Number of protein chains: 2
Amino acid sequence: MSTTAPGPVITAVIGDRPVPVHLAVGALDRVGALVAGAAAGDGVIVVVDGGVPHAGARVAASCRDAGLRVAVEAVPAGEASKNLGELERLARAAARAGIRRRDAVVAVGGGVVGDLAGFLAASYQRGVRLVQVPTTLLAMVDSSLGGKTGVDLPEGKNYVGAVHQPEVVVMDPAVLATLPPRELACGFAEVVKYGLLEGGDLMEMVAAWPALPGPAAEVADLIRRCAECKLAVVSQDEFDLGRRAILNLGHTAGHGIEAAAGYGGYHHGEAISLGLLVALRVSEHALALDPRWRDRTMDTLARHGLPVTLDPSVDVDEVVEIMSRDKKADGRALNMVLLRAPGDVLTHQDPDPAVVRAAIEELRS
Amino acid sequence: MSTTAPGPVITAVIGDRPVPVHLAVGALDRVGALVAGAAAGDGVIVVVDGGVPHAGARVAASCRDAGLRVAVEAVPAGEASKNLGELERLARAAARAGIRRRDAVVAVGGGVVGDLAGFLAASYQRGVRLVQVPTTLLAMVDSSLGGKTGVDLPEGKNYVGAVHQPEVVVMDPAVLATLPPRELACGFAEVVKYGLLEGGDLMEMVAAWPALPGPAAEVADLIRRCAECKLAVVSQDEFDLGRRAILNLGHTAGHGIEAAAGYGGYHHGEAISLGLLVALRVSEHALALDPRWRDRTMDTLARHGLPVTLDPSVDVDEVVEIMSRDKKADGRALNMVLLRAPGDVLTHQDPDPAVVRAAIEELRS
């Protein structure tokens, strides 16, 4: 059964280049058709998260069906794969597979594979084409969009990388049904963030969301709304010089909590859940945010299994210390994103550290 | 004795950003003043070639004098340092030194350090400021200019990298007096290339050049002329999509000879010397170049100690095979830059392989 493939649901313009987002059930099988083209090379390397081999196999098959030469490399699931040794392994595999400048890297997986394979595309032969095929909710609404790529050092996350926009982003919401609940919840923490950033009916939609992942048609709509929100911000500030900082709502405290809790503690999205609650409480003190927004957000987060209380073993002083040396800090003691109301957001705020400390401490009760 | 520092001798515009080139005896001691500035961070990491510690120390001292925080990292001399492990070591050192996004990487050395530290600047925290301080003739006229950075893989040179323009380039021709003759000669092979690319009085100046390095004032003038030639090309084609290919004159055959001769054989500039002779002979067949240009070029190269005959142990078939899989190839069997006359250059030529083979074979006699 062959039908005309639907077009992108979003086409953002970043820098001077369009970034089309295809979002549909079954889109995994259309990647090859989207990658192949007159101006393109005939080779692809599919870099796939070891946790979703089936998605990788479907993408690779669609590329072969489109007449492309296909190499496939699996990456072990987990943040530990985001390192320069793994980048080198993939670059050597690409070289042996004869990947050239007009060929493409196709990243199939969550944030780890998107960041790692994205940096491969940015740096292999000084830059080749990149196709992002996010398979987690977090990657669909956040990490696959905006072009940030990179790997970690022992000294910090994403310390080596590049800004390299994907040529196309392909999302198949059907894969969400196969995700573990904890993974879905982590992605939902970012969805809650977009609700707060945009306010209005997106905030209402998020607050009323049923059990994850939710009804297929509505899920696609929710992802599209969040992706539009992110891409609108990125198109104004590709290189993170100003407005893009609003996307860090909940992340300054979240990163501090994640780091202080250490390996095996909170997943990223779980730490963001707690970070959002800190940012909202601080916003009440600094910008007179109505406290009902925090109560409502806490209900939403808790209802989807995200943490709303802090493990007592986490050292609050350490969290504050890490927050004050966050790499996004630009000389300010604390560099937070705060709200006057959902949809009314201020970046580069420097709140009273005692208020921030109290907002974290409060989570332990 | 304090005087007003002279301005740049060239200010190229690449993309939408100016790239000023400072070129003067004593310029090493002015790097700090050029790096420090109102919009800039207060930290620098100086990456210095282990072969020129004195130049690194002067640059570091000038940065300290300008009030900057300074970390210094030495890199072992030689192409073997251009690898991802060394990049990781430098990135971790930068992280421990607290280098942030508005701080700078200062590369002091030849092409190896320029490429390696340049890629560090391109990728550390997704891009920081870069200052190139080339200390070899090759780096002054070629590799420090144009923004190509990267490291090697076992599968090929410069297979992982980025295009990242320096914020400023600082050249002190006095350091050339300290270089070994073979190193100077290698740089001169690229100078001969610029003479052929531009023709006219630059060609005459190059053909009449006395013993290397030459009289100080004239050396500065020669470097400036070559740098202007390179930057004019790069400013038209930063990302190497078309016209920039003319800079590969002599490089397709040169790379083939360098690779076929293997480790410890020809230095890059020596292979380019032979590659230029191949390109000129092929140009006679394909574009009716006057044979006297090749004779004259051979005299110039030989007079400065560059090879004009090929070691008999090099396998000519292997050279041709490597040329035909050169990473710059875009589907053509052979992708060479050829001349109708000095200053009249055609890129993306696909000459008869038998003619190319004969032009290489001829060098063995």
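Use the structure listed above.
Rules and cut-offs
What you see as residue numbers is a count from 1 along each chain, following the sequence as written. Lettering for chains starts from A, numbering for ligands starts from 1, and both go in the order in which the items are written. Predicted model: local features are reported for residues with pLDDT of at least 70 only, side-chain atom pairs are reported and counted for 80 or more only, and whole-chain, interface and lining totals are derived from all residues. Calculation of side-chain values draws on the structure's entire complement of heavy atoms; hydrogens and water are dropped beforehand. Superposition of the copies used a least-squares fit over C-alpha atoms from residues whose pLDDT is at least 70 in both. Should any heavy atoms of two residues lie within 4.5 Å, those residues are considered in contact. The axes are straight lines fitted to the C-alpha atoms, using for helices just the contacting stretch, and the angles between their N-to-C directions are given from 0 to 180°. Secondary structure counts use DSSP, requiring at least four H or I residues in a row for a helix and at least two E residues in a row for a strand, with both numbered from the N terminus. Note that the term roughly parallel is reserved for angles under 35 degrees, roughly antiparallel for angles over 145, roughly perpendicular for angles of 65 to 115, and oblique for everything else. Crossing handedness: left-handed means the near helix sits turned counterclockwise from the far one by under a right angle, and right-handed means the same turn made clockwise. Lys, Arg, Asp and Glu make up the charged group, whereas Ala, Val, Leu, Ile, Met, Phe, Trp, Tyr, Cys and Pro make up the nonpolar group; the residues left over, Gly among them, are polar. Relative accessibility under 20% of the residue-type maximum defines a buried residue, over 50% an exposed one, and the middle range a partly exposed one, all with a 1.4 Å probe and only protein chains included. Whenever a nitrogen or oxygen atom comes within 3.5 Å of another N or O atom, the pair is scored as a polar contact, on the condition that within protein one atom can donate a hydrogen and the other can accept it, and that pairs from neighbouring residues in sequence are kept only if both atoms are in side chains. A helix is expected to span 1.5 Å for every residue after the first. Strands qualify as paired when DSSP identifies two bridges or more between them.

1. Here we look at the relation of the copies chain B and chain A
Item 1. Laying chain B over chain A is done by rotating through 180° and shifting 0.0 Å along the axis; what remains is an RMSD of 0.1 Å. On the angle and the small slide along the axis, the relation comes out as a two-fold axis. Relative to the rotation axis, the C-alpha of Leu 84 of chain B is the closest in chain B, positioned 3.5 Å from it.
Item 2. Mapped onto chain A, 97% of the interface residues of chain B again fall at the interface, so both copies present the same surface.

2. Describing the packing of helix α6 (residues 181-198) of chain A against helix α11 (residues 291-303) of chain A
All names here are of chain A.
Item 1. Packing of α6 against α11 brings their axes to within 10 Å, and their N-to-C directions diverge by 155°. Between α6 and α11, the crossing angle belongs to the class labelled roughly antiparallel. Along this stretch, α6 crosses α11, giving a crossing that reads as right-handed. Here Phe 188, Val 192 and Leu 196 of α6 lie close against α11, whose contacting residues are Thr 297, Thr 300 and Leu 301.
Item 2. Class assignment of the residues belonging to the contact of α6 with α11 gives a composition of 4 nonpolar, 2 polar and no charged.

3. Structural notes on the side chain of Ser 144 of chain B
Residue and element names in this part refer to chain B.
Item 1. You can see Ser 144 is positioned in the loop between α5 (137-143) and β7 (148-153).
Item 2. With relative accessibility at 3%, the residue Ser 144 sits in the buried group.
Item 3. A distance of 2.8 Å separates the side chain of Ser 144 from the backbone oxygen of Ala 139, its partner in a polar contact.
Item 4. If near-sequence neighbours (up to four positions away) are discounted, Ser 144 is found in contact with Gln 132, Pro 134, Ala 139, Pro 166, Val 169 and Met 171.

4. Some details on the environment of Ala 220 of chain B
All names here are of chain B.
Item 1. As for its placement among the helices and strands, Ala 220 is situated in helix α8 (residues 216-236).
Item 2. A residue is classified by how much of its surface remains accessible, and Ala 220, at 21% relative accessible area, is partly exposed.
Item 3. Measuring from C-alpha to C-alpha, the distance between Ala 220 and Asp 172 comes to 8.7 Å, with 48 residues separating the pair along the chain.
Item 4. Beyond its immediate stretch of four places on either side in the chain, Ala 220 contacts Leu 23 and Pro 173.

5. Let's talk about helix α10 (residues 268-287) of chain B
Residue and element names in this part refer to chain B.
Item 1. For α10, which comprises 20 residues, the first-to-last C-alpha distance of 27 Å matches the rise-based estimate of 28 Å (1.5 Å per residue) to within 8%.
Item 2. Across the 20 residues of α10, 17 count as buried, placing the element largely inside the fold.
Item 3. Count one or two residues on from α10 and you reach Ala 288, which has phi positive near 60°.

6. Notes on the sheet that holds strand β6 (residues 129-134) of chain A
Residues and elements named next belong to chain A.
Item 1. A sheet is described by the order of its strands in space; here 7 strands give the open sequence β1-β2-β9-β6-β5-β3-β4, paired in mixed fashion. Two strands bound the open sheet, and with one partner strand each, they are β1 (10-14) and β4 (69-75). Direction aside, the axes of adjacent strands within the sheet are offset by 20° on average.
Item 2. Pairing analysis gives 7 bridges linking strand β3 (residues 43-49) to β4, with the strands arranged parallel. Directly across from Val 46, in β4, lies its bridge partner Val 72.
Item 3. Contacting β3, β4, β5 (104-109) and β6, helix α2 (residues 53-65) crosses the sheet at an angle of about 170° to β3.
Item 4. Contacts between helix α8 (residues 216-236) and the sheet are confined to β1, β2 (17-23) and β9 (168-171), with β1 contributing the most and set at about 15° to the helix.

7. A few points about the environment of His 54 of chain A
Residue and element names in this part refer to chain A.
Item 1. Note on placement: His 54 falls in helix α2.
Item 2. Residue class for His 54 comes out exposed when judged on its relative accessible area of 59%.
Item 3. C-alpha separation for the pair His 54 and Val 175, spaced 121 residues apart in sequence, amounts to 9.9 Å.

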